[in-house]
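Residue-level listing of the chains:
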Amino acid sequence: MKLKRVLLTGSILLALSAGLTAAAQSGFTATYMREWGGAGTGPGQFNATHAVGYLGSLGRVYVADEANHRIQYFDGNGARLGGWGTWGPAAGELESPGGIAFSPAGDRVYVVERDNHRVQVFSPDGQSLARWGTQGSGNGQFQMPGGVAVTANGQVLVADRGNNRVQRLSADGTFLSQFGSAGAGAGAFNEPIGVAVAQGGDIYVADKANYLVQVFDSNGVFVNQWGGNGSDAGLFGYDGPTSLIVSASGLVFVADPGNSRIQVFRLDGNWVGAWGAYGSGSGQFYYPNSVAPAGATIYVADELNNRIQAFELSVTLDLPERVYLPSLHR
């Protein structure tokens, strides 16, 4: 079979819009570009970079500065543009901010607060617009929520870690549905801490204490899973997968902090590559906890090194002349 070489950077899958089944070989590089941050409480410093998100419409990198109880935002080169938040339960205040997501129009920033057991909604410049949730196990309540994701139609998915479920809310915070329960079987969770949505609508969940990535269809019906505990390719370290995101190019980036690395998979769970090692040098990690793709640039929240690192990703696949990507062509 004749093969074509395709460089997977940025919106690469748009060039593959016609075809059937990707081949298994890949070449993978993640090249260190730059970093910013450092431990502290001043502007541009961090006390645990717990999550990172990229808002493409404004070209901004948002960082959940967890133990400083604030959000800071930067341009793509690390120049600080602003920030908001102090410790507390009131509107605009934060307690252990975690996952970050954005509305489809880019006019809302959703921030999960683990210790306030809620989601708070902000404008891109930090004006508090709404607060959803209280501590509990009822519909629309949360127990130490982790990640957040937004679907193409604006619905909000929250990884409700302590309740072992994912909740779906409307854009105004109204409870719509949920899926998951405590356990180790297919579709069951043990601390679901991260959630992401693919362009085709499938939902990806980082099931931390089961050491799994689980995949569900847009209605929350179980589809697939992969992972396990270990340090080999496709396995996750002592703290499990802690967050994940699906890029516009159809790659699944998973933070594997126990192995001091970021792993990359295809939508079906086939392993593409990984990068990182323990340390504080350029390209090394000390508990990498979150990933944000921005075209060919990948931002990593290197939590216990109190910094953001940026990498340039290049993935080259050997593809047959016809390529089918099922989660993008449903």
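Because the structure is predicted, anything quoted here is derived from the model rather than measured.

(A) Main features of the overall build of the protein chain. Scanning the protein chain from terminus to terminus reveals zero helices and 25 strands. The proportion of buried residues among the 330 residues of the protein chain is 56%. For the protein chain, the share of sequence-separated contacts (at least 6 apart) that also reach a separation of at least 24 residues comes to 49%. Carbon and sulfur atoms make up 48% of the accessible area of the protein chain, which amounts to about 12700 Å² in all.

(B) Here's a closer look at the pairing of strand β19 (residues 243-246). Here four bridges tie β19 to strand β20 (residues 251-256), and the two strands are oriented antiparallel to one another. The residue bridging I245 from the neighbouring strand is F253, located in β20. Two successive antiparallel strands, β19 and β20, enclose a turn made up of four residues, where G250 displays a positive phi of approximately 80°.

(C) Fine view of the confidence of the model for the protein chain. Predicted confidence across the protein chain gives a mean pLDDT of 89, with 88% of residues reaching 70 or more. Segment residues 1-25: pLDDT under 50, and 69 contacts once partners within four positions in sequence are set aside and those in other chains are kept. Note on residues 318-330: pLDDT under 50 across the span, and 49 contacts to partners over four residues away in sequence or across chains.

(D) Representation of the side chain of N68 in the model. Along the polypeptide, N68 turns up in the loop between β4 (60-65) and β5 (70-75). Among the polar contacts made by the side chain of N68, one reaches the main-chain carbonyl oxygen of G40 at a distance of 3.0 Å. Other than its neighbours up to four places away in sequence, N68 contacts G40, T41, Q45, F46 and N47.

(E) Region of the structure containing the environment of G227. Looking at the element boundaries, G227 is found in strand β18 (residues 222-227). G227 gets classed as partly exposed once you look at its relative accessible area, which sits at 32%. With 14 residues separating them in the primary sequence, G227 and P241 have C-alpha atoms 8.9 Å apart. Leave out the neighbours within four places in its chain, and G227 touches Y211, L212, G234, L235 and F236.

(F) Geometry of the pattern of salt bridges. On inspection of all chains with the given rule, the structure shows 11 salt bridges. With a shortest N-O distance of 3.1 Å, E35 and R307 are connected by a salt bridge. With E35 in strand β2 (residues 26-37) and R307 in strand β25 (residues 307-320), this pair connects stretches of sequence that are 272 residues apart. Judged by relative accessible area, which is 33%, E35 ranks as partly exposed. Residue K208 is joined to D239 by a salt bridge in which the shortest nitrogen-to-oxygen separation is 2.6 Å. Of this pair, K208 sits in the loop between β16 (203-207) and β17 (212-216) while D239 sits in the loop between β18 and β19, and the two are 31 residues apart along the sequence. A relative accessible area of 8% places K208 in the buried class. Salt bridges linked by common partners bring E35, D302 and R307 together as one network.

(G) A nonpolar patch on the surface, seen in detail. Judged by side-chain polarity, Y278, Y286 and L304 come together as a nonpolar surface patch covering roughly 320 Å² of accessible area. Residue classification places L304 among the partly exposed positions, given a relative accessible area of 41%.

(H) Unusual backbone geometry, seen in detail. Although it is not a glycine, Y287 adopts a positive phi angle of roughly 65°. Looking at the secondary structure, you find Y287 in the loop between β22 (271-275) and β23 (288-294). Residue N306 is not a glycine yet carries a positive backbone phi of 55°.

(I) Representation of the environment of D302 in the model. For D302, the location among the structural elements is in strand β24 (residues 297-302). Between the C-alpha atoms of D302 and A48, which are 254 residues apart in sequence, the distance is 8.2 Å. Residues contacting D302, with those up to four places away along its chain left out, are T49, Q284, F285, Y286, Y287, P288, R307 and Q309. Among the polar contacts listed, one links the side chain of D302 to the side chain of Q309, at a separation of 3.1 Å.

(J) Here's a closer look at the sheet that holds strand β6 (residues 80-84). Strand order in this open sheet of four strands is β3-β4-β5-β6, and the pairing throughout is antiparallel. Both edges of this open sheet fall to β3 (49-55) and β6, since each of them pairs with a single strand only. Here the strands of the sheet are splayed against their neighbours by 20° on average, with no regard to which way each runs.

(K) Looking closely at the packing of aromatic side chains. The final tally for this structure, using the stated rule, is 22 aromatic pairs. Summarising the aromatic geometry, the rings of F179 and F216 are spaced 4.7 Å apart at their centres and angled 45° between planes, so their arrangement reads as tilted. On the criterion of sequence distance, the pair formed by F179 in strand β14 (residues 175-179) and F216 in strand β17 is long-range, its members being 37 residues apart. In terms of burial, F179 and F216 fall into one category: buried. Here a set of aromatic residues connected by ring pairs shows up, and it is made of F28, Y32, W275, F285 and F311.

Rules used in this analysis
Residues numbered from 1 in each chain as written. Predicted model: local features only at pLDDT ≥ 70, side-chain atom pairs only at ≥ 80, totals over all residues. Heavy atoms only, no water. Helix = DSSP H or I, 4+ residues; strand = E, 2+ residues; numbered from the N terminus. Buried < 20%, exposed > 50% of the residue type's maximum accessible area, 1.4 Å probe, protein only. Contact = heavy atoms within 4.5 Å. Areas by Shrake-Rupley, 256 points an atom, 1.4 Å probe, with all protein chains shown as cover. Pairing = 2+ DSSP bridges. pLDDT = per-residue confidence, 0-100. Polar contact = N/O pair within 3.5 Å; in protein donor to acceptor, adjacent residues only side chain to side chain. Salt bridge = Lys/Arg side-chain N within 4 Å of Asp/Glu carboxyl O. Patch = residues over 30% accessible without salt bridge, like charges linked within 9 Å, V, L, I, M, F, W, Y side chains within 5 Å. Axes fitted to C-alpha atoms, helices over the stretch in contact; angles between N-to-C directions. Phe/Tyr/Trp six-rings, centres within 6.5 Å; stacked < 30°, edge-to-face > 60°.

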